[in-house]
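# Residue-level structural notes
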Protein chains: 2
Amino acid sequence: MVTKQFGSSPEDAELRRADSLAREIFSDVANKWALLIIEALGERTLRFSELRDEVEGISHKMLTQNLRMLERNGLLVRTVHPTVPPRVEYTLTAPGRGLRETVHGMCDWTHHNLGHIEASRRQFDA
Amino acid sequence: MVTKQFGSSPEDAELRRADSLAREIFSDVANKWALLIIEALGERTLRFSELRDEVEGISHKMLTQNLRMLERNGLLVRTVHPTVPPRVEYTLTAPGRGLRETVHGMCDWTHHNLGHIEASRRQFDA
DNA sequence: CTGAATCCGCAGCGATACTG
DNA sequence: CAGTATCGCTGCGGATTCAG
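No experiment lies behind these values; they were computed from the predicted model shown. (Residues numbered from 1 in each chain as written. Chains lettered and ligands numbered in written order. Predicted model: local features only at pLDDT ≥ 70, side-chain atom pairs only at ≥ 80, totals over all residues. Heavy atoms only, no water.)

Residues annotated by UniProt as "domain: HTH hxlR-type" (unreviewed entry) correspond here to residues 18–118 of chain A. Annotated as residues 18–118 of chain A, this span is 65% helix and 15% strand, and its ends, taken at the C-alpha atoms, are 39 Å apart. (UniProt positions renumbered as here; feature names shortened; annotations may be inferred. Helix = DSSP H or I, 4+ residues; strand = E, 2+ residues; numbered from the N terminus.)

Set out below in structure tokens:
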């Protein structure tokens, strides 16, 4: 990430392209709701309404928006069952599960450092 | 993360507290700029202006805001050298470097899946 | 049930100017 | 150089409504 100082050669042009694409993806993915959705999904297959219940505090709109984004990037698949009422299910793809690994790492890190962070906050706020 | 269904016992009250704190920390940390700053810092010690140059596209305001937040959570330390002009340096703490590991994981993941994502996007946009 | 679209308030963010 | 404060605006994001 954050490769810099490109030249003007064709190879560098390609590097620059990949780099800007990487930043774009990173911006898509490195946001609270997207990561929480991925974490909530896990290995399971969930419906829209189930996801809304799982991901605490997310609004209808944010959920659909992020689901579209994740689907577009191929991190999850959306399967529509042509019933009435409609039933739509979401499942992580292999890349999605890959990203989930790192999200998991963040969650572990969070819990592991709760104490340190809480203490640091108290001191800072004084 | 996302522990649920608490009872009303004292132990559960403590669990609930830790859980809400975890969510708060997660919300702080799971945002584009914070993660990019952490990634940019790495093992180095950088000045404010150096960080602004490293983290491409970040504004003065966002940088200070996120630096304060990261400092408050004990992820980095801010050392002021009482010279003129002032010189302020930022360095990741042990917990900060721990988080950086997972950020690194995300970056690796991004680069590793560039192809898949780009292809998925093209298909989706059609 | 899922999702698109609309409206709208407010916070996030950038730009700028000012202090130490 | 680093940081705070103020202003103004854009766009995020919530609430609501309508459609399939």
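Having seen it, we continue.
These two copies of the chain differ by a rotation about an axis and a displacement along the same axis. When chain A is fitted to chain B, the residual RMSD is 0.0 Å, and the transformation amounts to a turn of 180° plus an axial shift of 0.0 Å. Taken together, these values place the two copies in the relation of a two-fold axis. Taking C-alpha positions as reference, the residue of chain A nearest the rotation axis is Asn31(A), located at 2.5 Å. Both copies present the same face, since 100% of the interface residues in chain A are matched by interface residues at the equivalent positions in chain B. (Least-squares fit on C-alpha atoms with pLDDT ≥ 70 in both. Contact = heavy atoms within 4.5 Å.)

Tracing the backbone shows Thr102(B) in helix α5 (residues 94–112). Reaching out from Thr102(B), the side chain makes a polar contact with the backbone oxygen of Leu99(B) at a distance of 2.8 Å. Once you skip the residues sitting within four places of it in the chain, Thr102(B) turns out to touch Thr102(A), Gly105(A) and Met106(A). (Polar contact = N/O pair within 3.5 Å; in protein donor to acceptor, adjacent residues only side chain to side chain.)

Okay, the packing of helix α2 (residues 32–41) of chain A against helix α4 (residues 60–72) of chain A next. Residue and element names in this part refer to chain A. Across the interface, α2 lies against α4 with an axial gap of 10 Å and an inter-helix angle of 75°. By the criterion of interaxial angle, the relationship of α2 to α4 is roughly perpendicular. Residue-level contacts link Trp33, Ala34, Ile37 and Ile38 of α2 to Met62, Leu63, Asn66, Leu67, Met69 and Leu70 of α4. Split into classes, the residues belonging to the contact of α2 with α4 amount to nine nonpolar, one polar and no charged. (Axes fitted to C-alpha atoms, helices over the stretch in contact; angles between N-to-C directions. Parallel < 35°, antiparallel > 145°, perpendicular 65-115°, else oblique. Nonpolar A, V, L, I, M, F, W, Y, C, P; charged D, E, K, R; others polar.)

Residues and elements named next belong to chain A. The sheet built from three strands is open, its strands ordered β1-β3-β2 with antiparallel pairing. Two strands in the sheet have a free side with no partner beyond their single neighbour: β1 (45–47) and β2 (76–81). Adjacent strand axes in the sheet meet at a mean angle of 25°, parallel and antiparallel pairs treated alike. Sheet analysis places β2 next to strand β3 (residues 87–92), joined by six bridges and oriented antiparallel. Considered in β3, the bridge of Arg78 is made with Tyr90. In the packing of α4 onto the sheet, contacts are made with β2 and β3, and the angle to β2 comes to roughly 115°. (Pairing = 2+ DSSP bridges.)

To continue, consider the protein's contact with DNA strand C. Around DNA strand C, 15 residues are found, and the nearest of them are Ser49(A), Arg78(A), Ser59(B), Lys61(B) and Met62(B). Sugar and phosphate atoms represent 67% of those atoms of DNA strand C found within 4 Å of the protein. One of the side-chain nitrogen or oxygen atoms of Ser49(A) is found 2.7 Å away from a phosphate oxygen of DNA strand C. Measuring from a phosphate oxygen of DNA strand C, one finds a side-chain N or O atom of Ser59(B) at 2.4 Å. Of all the secondary structure elements, the ones that give two or more residues to the surface near DNA strand C are α3 (48–54), α4 and β3 of chain A together with α4 (60–72) of chain B. With three residues, the single largest contributor to the surface near DNA strand C is α4(A). (Near = heavy atom within 4 Å.)

Backbone-to-backbone hydrogen bonds pair the strands of a sheet. The strands run either parallel or antiparallel. Residues and elements named next belong to chain B. Spatially, three strands are ordered β1-β3-β2 in an open sheet, and the strand pairing comes out antiparallel. If you trace the sheet from one side to the other, it starts and ends with β1 (45–47) and β2 (76–81), each paired once. Direction aside, the axes of adjacent strands within the sheet are offset by 25° on average. Docked against the sheet, helix α2 (residues 32–41) engages β1, β2 and β3 (87–92), running at close to 95° with respect to β3.

This part is about the protein's contact with DNA strand D. What surrounds DNA strand D is a group of 14 residues, the closest being Ser59(A), Lys61(A), Ser49(B), Arg78(B) and Tyr90(B). For DNA strand D, a sugar or linking oxygen lies 2.8 Å from a polar atom in the side chain of Arg47(B). Arg78(B) places a polar side-chain atom, nitrogen or oxygen, 2.6 Å from a phosphate oxygen of DNA strand D. Put simply, the parts of the chain that give the surface near DNA strand D at least two residues each are α4 of chain A together with α3 (48–54), α4 and β3 of chain B.

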